[in-house]
Amino acid sequence: MLAVPGLASLLGVSLLARTAITADVMALTMYVVLGLGMSYTAAGGVAAALTAGVALGGPLLGGMIDRRGLRAVLLVTIGAQVVFWLSVPALPYGLLLGAAFAAGLLMVPAQPVTRQAIAAMTTAGQRRAAFALESVQGELSYIVGPAIVILCAANLSPGVVAWGVGAAIVVGGAGIALLDPPLRAADEAGAGAAGRPPRREWLGSGMIAVLTMAFGTTMLLGGIDLAIVAALEEAGQVSWAAAVVTVLGVTSVIGGLVYGALSRSLPTWLLLGLLGLLTVPAGLAHDWRWLCVAVVGSGLLTAPTLSTLADAVSRLAPASVRGEATGLQSSALSAGFALGAPVAGIAIDASAPAGGFAAAGLAGVAAALTGLLLSRRSPARTRSPLGGPGLAGAPGPEPRGADARPGVSP
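Below, the structure is looked at part by part. Computed from a predicted structure; not experimentally measured.

Describing helix 11 (residues 268-279)
Next, step 1: Under the 1.5 Å per step criterion, the end-to-end length of helix 11 is 17 Å for 12 residues, consistent within 8% with the ideal 16 Å.
Next, step 2: If you check which residues of helix 11 are buried, you get Thr-268, Trp-269, Leu-271, Leu-272, Gly-273, Leu-275, Gly-276 and Thr-279.
Next, step 3: Residues of helix 11 that are buried in the fold lie against helix 9 (205-234), helix 10 (241-261), helix 13 (296-316) and helix 15 (353-377).

Examining a nonpolar patch on the surface
Next, step 1: Among the surface-exposed residues, Val-82, Leu-86, Leu-156, Val-160 and Trp-163 lie close enough to one another that they form a single nonpolar patch of about 440 Å² accessible area.
Next, step 2: Elements that contribute at least two residues to the nonpolar patch include exactly helix 3 (70-87) and helix 7 (158-179).
Next, step 3: As for its position among the elements, Val-82 is in helix 3.

Things to note about the nonpolar core
Next, step 1: If you look at the biggest cluster of nonpolar residues, it comprises 53 residues, and the most contacted ones within it are Phe-84, Trp-85, Val-88 and Leu-96.
Next, step 2: Among the secondary structure elements, those contributing two or more residues to this core are helix 1 (7-35), helix 2 (40-68), helix 3, helix 4 (93-105), helix 5 (110-121), helix 6 (124-153) and helix 7.
Next, step 3: If you tally residues by element for this core, the top one is helix 1, at 12 residues.
Next, step 4: Listed in part, the 28 residues of the second largest apolar core include Trp-202, Met-213, Leu-301 and Leu-316.

Re the packing of helix 9 against helix 10
Next, step 1: Viewed as axis vectors pointing N to C, helix 9 and helix 10 meet at an angle of 145°, and their least axial separation amounts to 9 Å. The interaxial crossing formed by helix 9 with helix 10 has right-handed handedness. Mapping the contact onto sequence places Ile-224, Asp-225, Ile-228, Val-229 and Leu-232 in helix 9 and Ala-241, Val-244, Val-245 and Leu-248 in helix 10.

Here we look at the environment of Ala-242
Next, step 1: Structurally, the position occupied by Ala-242 is in helix 10.
Next, step 2: In this structure the C-alpha to C-alpha distance between Ala-242 and Ile-143, which are 99 residues apart in sequence, comes to 9.8 Å.

What about the environment of Ala-209?
Next, step 1: Among the structural elements, Ala-209 can be located in helix 9.
Next, step 2: Separated by 167 residues in the primary sequence, Ala-209 and Arg-376 have C-alpha atoms spaced 9.5 Å apart.

Cut-offs used in this document
- Residues numbered from 1 in each chain as written.
- Predicted model: local features only at pLDDT ≥ 70, side-chain atom pairs only at ≥ 80, totals over all residues.
- Heavy atoms only, no water.
- Helix = DSSP H or I, 4+ residues; strand = E, 2+ residues; numbered from the N terminus.
- Expected span 1.5 Å × (residues − 1).
- Buried < 20%, exposed > 50% of the residue type's maximum accessible area, 1.4 Å probe, protein only.
- Contact = heavy atoms within 4.5 Å.
- Patch = residues over 30% accessible without salt bridge, like charges linked within 9 Å, V, L, I, M, F, W, Y side chains within 5 Å.
- Areas by Shrake-Rupley, 256 points an atom, 1.4 Å probe, with all protein chains shown as cover.
- Salt bridge = Lys/Arg side-chain N within 4 Å of Asp/Glu carboxyl O.
- Core = buried A, V, L, I, M, F, W, Y, C linked by side-chain atoms within 4.5 Å.
- Axes fitted to C-alpha atoms, helices over the stretch in contact; angles between N-to-C directions.
- Left-handed = near helix turned anticlockwise from the far one by under 90°.

Listed below in structure tokens is the structure:
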């Protein structure tokens, strides 16, 4: 167990906020379909508007945190969420589209703030295990959040369910504001006063490699969810899709816990490449039982891959721009999820459900290879988070000058 003061409280409060945030699309879908009596296509439009807002707002909010501080940004985003969720039951569809985009743009930044705080609160030896726990937290939120909304929708009105999701987001955000976790380590306290480095100095090939792999990871995950449903629908067993998705989520939690306990890390490109390769043959399963077995390999590698991405961003980004960098990472993750299902859907329509697994897996492999090539172009001092010259992420040269941080290799 990690002995980091304040980390358990942060992860607990953040889990509440992140669980509600993962459920917001489902809550809005239920409201549009059941409350407004409109089609799933219309519900998809609201979901797309919210997702687009989140993707665009990530780096903007991250930059504001870097400049204005955490509490100021949380107060603004919490206020925006209060206004949006209270007004959802009163909004006609056209206004709901615009309001959903604005709400996404000003979504409580629970995930990027948690990652920034982990980088600031932990030592180099603790960081990989801490990010593994954060990835496990993310998996739990995806398992629990939408399921709770579906269960509540069977007994409550869609408007009340939307209010409940909004209340949880607000309470989680308020909890993070009360904790006010440090976003810079003690030796980084004066980083903001020294000025923000130009983007060309930190948004180089190494960081682009991480963002590319983040995009590829969630594109794979978004595609595999749709492929599971398509495969079971073809087999006449679509009611078992929830069981398969649960196996995928539970094995991801196990994989994250095991990876966090290992003494050495693996490079991101290798984990993502293996994740992609293990996803492709899952399409050969034509029964829900075999599909449960087939997704175990993908599940075990999901949380470790996501944790290494977060760790890499924290190491590559200077302290004064870490908020913007983690915001860019969140945007890449959101964009990958948004594109993964449509790409897998095209492959399924053009071939068979197995094509969806193949498209998702190959997208992950392509992102891994691209990340590897880009990381080899980056300076030697920034390679280790990506697994540059060594397969185990061996430490690179010691950082020098203003970028030096005790106990953290770049």
